[in-house]
Amino acid sequence: MAILDSKSKSRPITEEGDFLQIKSIDHVRFYVGNAKHAMYYWWKGFGFKPVAYSGLETGNREFASYVLEAGTARLVVSAPYAPSSPLAAHHMVHGDGVKVIAMEVEDVEQAWRETTARGGKSAWAPREEKDEFGIFRTSAIYTYGETLHVFVDRGDYKGAFAPTYRPFERKAESAGLAAIDHIVGNVQLGKMNDWVRFYHEVMGFRQLLAFDDKDISTEYSALMSKVMTNGNGRVKFPINEPAEGRKKSQIEEYLDYYLTPGAQHIAIATGDIIKTVTELRERGIEFLRVPDTYYEILPERVGSIKEDLKAIHDLGILVDRDDEGYLLQIFSRPIQDRPTMFIEIIQRRGAKGFGKGNFKALFESIELEQERRGNL
Ligand code: FE2
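Quantities reported herein were computed from a predicted structural model and do not represent experimental measurements.

The rules behind each value
- Residues numbered from 1 in each chain as written.
- Predicted model: local features only at pLDDT ≥ 70, side-chain atom pairs only at ≥ 80, totals over all residues.
- Heavy atoms only, no water.
- Donors = N, O, S within 2.8 Å, 3.2 Å for Na, K, Ca; no water.
- Helix = DSSP H or I, 4+ residues; strand = E, 2+ residues; numbered from the N terminus.
- Buried < 20%, exposed > 50% of the residue type's maximum accessible area, 1.4 Å probe, protein only.
- Salt bridge = Lys/Arg side-chain N within 4 Å of Asp/Glu carboxyl O.
- Core = buried A, V, L, I, M, F, W, Y, C linked by side-chain atoms within 4.5 Å.
- Domains from an automatic or database assignment.
- Pairing = 2+ DSSP bridges.
- Axes fitted to C-alpha atoms, helices over the stretch in contact; angles between N-to-C directions.
- Contact = heavy atoms within 4.5 Å.
- Polar contact = N/O pair within 3.5 Å; in protein donor to acceptor, adjacent residues only side chain to side chain.

**Student:** Explain the coordination of the iron ion to me, using residue names and the numbers behind them.
**Tutor:** The protein atoms donating to the iron ion are His182 (NE2), His265 (NE2) and Glu344 (OE), with metal-donor distances spanning 2.0 to 2.2 Å. Sequence spacing among the residues donating to the iron ion works out to H-x82-H-x78-E. On the criterion of sequence distance, the pair formed by histidine 265 in strand E14 (residues 262–270) and glutamate 344 in strand E17 (residues 342–349) is long-range, its members being 79 residues apart. Across this residue pair, the class does not change: histidine 265 and glutamate 344 are buried.

**Student:** Describe the pattern of salt bridges, listing the residues and the values that go with them.
**Tutor:** Per the stated rule, a full pass over the model turns up 25 salt bridges. Residues joined in a network through salt bridges with shared partners are Glu128, Lys130, Arg137, Asp153 and Asp156.

**Student:** Now, about the nonpolar core: what can you tell me, with residues and values included?
**Tutor:** Phe30, Trp42, Phe48 and Ile266 are the most contacted members of the largest nonpolar core, which has 93 residues in total. When residues of this core are assigned to their parent elements, the largest contribution, six residues, is made by helix H5 (residues 192–202). Residue-level mapping places this core at the junction of two domains, with at least three residues from each of domain 1 (24–167) and domain 2 (177–373). Tyr31, Phe136, Val150 and Ala162 belong to the second largest nonpolar core, which has 19 residues in total.

**Student:** Mind laying out the pairing of strand E16 (residues 325–331), listing which residues take part and the relevant values?
**Tutor:** The buried fraction of E16 is high, at seven of seven residues. Burial along E16 is two-sided: Gly325, Leu327, Gln329 and Phe331 and Tyr326, Leu328 and Ile330, pointing in opposite directions, are all buried. In the sheet, strand E15 (residues 318–322) pairs with E16 via five bridges, with the strands oriented antiparallel. Bridge pairing in E16 links arginine 321 to tyrosine 326.

**Student:** If you had to explain unusual backbone geometry to someone new, which residues and values would you point to?
**Tutor:** Positive phi is not limited to glycine here, since phenylalanine 161 has a value of about 70°. Mapped onto the elements of the fold, phenylalanine 161 is located in the loop between strand E8 (148–153) and strand E9 (166–167). Not every positive phi belongs to a glycine, and leucine 259 is a case in point at roughly 75°. Relative to the helices and strands, leucine 259 is located in the loop between helix H6 (250–258) and E14.

**Student:** I'd love a proper account of the sheet that holds strand E11 (residues 206–211), names of residues and values included.
**Tutor:** Spatial ordering of the open sheet is given by E11-E12-E13-E10-E14-E17-E16-E15, a layout of eight strands whose pairing is mixed. This sheet does not close on itself; its edge strands, each paired only once, are E11 and E15. Each strand axis lies, on average, 25° off the axis of its neighbour in the sheet, ignoring direction. In the sheet, strand E12 (residues 222–229) pairs with strand E13 (residues 236–243) via eight bridges, with the strands oriented antiparallel. Residue pairing in the sheet places methionine 224 in a bridge with glutamate 241 of E13. The strands touched by H5 are E11, E12 and E13; relative to E12, the strand with the most contacts, the crossing angle is about 5°.

**Student:** Please set out H6 residue by residue, giving values where relevant.
**Tutor:** Residues of H6 that are buried include every one of Gln250, Ile251, Glu253, Tyr254, Leu255 and Tyr258, and no others. At the N-terminal end of H6, a side-chain oxygen is found 2.9 Å from the backbone nitrogen of isoleucine 251, two or three residues along, and the residue is serine 249. In the segment just after H6, leucine 259 is the residue with positive phi, at about 75°.

Take it as geometry only, folks, not as evidence of what the structure does.
In structure tokens, the structure reads:
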């Protein structure tokens, strides 16, 4: 981030400079070892609907790839056919993980020009892929680690997802998942503010919230976090870094296994968390549990809520309140063998926060799991 324009330098960190005009998150793409298995997991486990496929049968000789949707949330899982593929190199280092967080914009050329002029590192210059369904335009820059932000313009494209993809429709039993709420990145000790500046200066985001190690610490470990958001507020990216603690922080464990900074969790919104979590638990999705004592003081801590407290307790759902309302959330165990990426399920009832009141109970529960893995 060597080059910064004078306008963004003078802009307070809490103000955006919305030159990217991002509409929304277009998709999140995982590089995995076996795309067919990953597709089945999101389909049968989380209730995402498979909608498109690219692979040998569609003329793609490099990788197999499936697109799945739940509400407006769109995931892509891709796996290489041969060790010469860059997907194979990525998978060898990181295991299964998020490679791309793509955003829909009006103009991929302008998005690339503005971000690279402000010091963003280009992954590819604006390009057009054409087939019988139209023109699919993208450009891309690097964010933390090897993760990319791909800018997507599908205004002139009418096909299934992108060129080489064909419809791959399967019936899915929805678990009520509706949209991506936020995506969190883990970066190294001392690097959080660099990435906050990146989102502010290169991407035009503003800082929404900050949590320091007093908010997020347990007896053993700590972390710090700042939340960056775009102009229309639809894209929210918290950035975490480890803080000094007596033992290994969960962020350090992530970095030890992912080997570089990367996406830590995707929070997916539901309109009915009790129904969603009941459904997901039945399908074998594993969630973290906080001690029962959490629920003894819950009514006192959050006041009255619409949901049945017994159901909340039975399912292990967490609740937090802020000035504008409350939110309900729960965190999965890591969704691949390495203790890296996990999923959050969230229901907002007015609250715009991230569950600050749950951090301590939650991190003690994560540490219990770290201990079991021999990584604390
Ligand atoms: Fe979260």
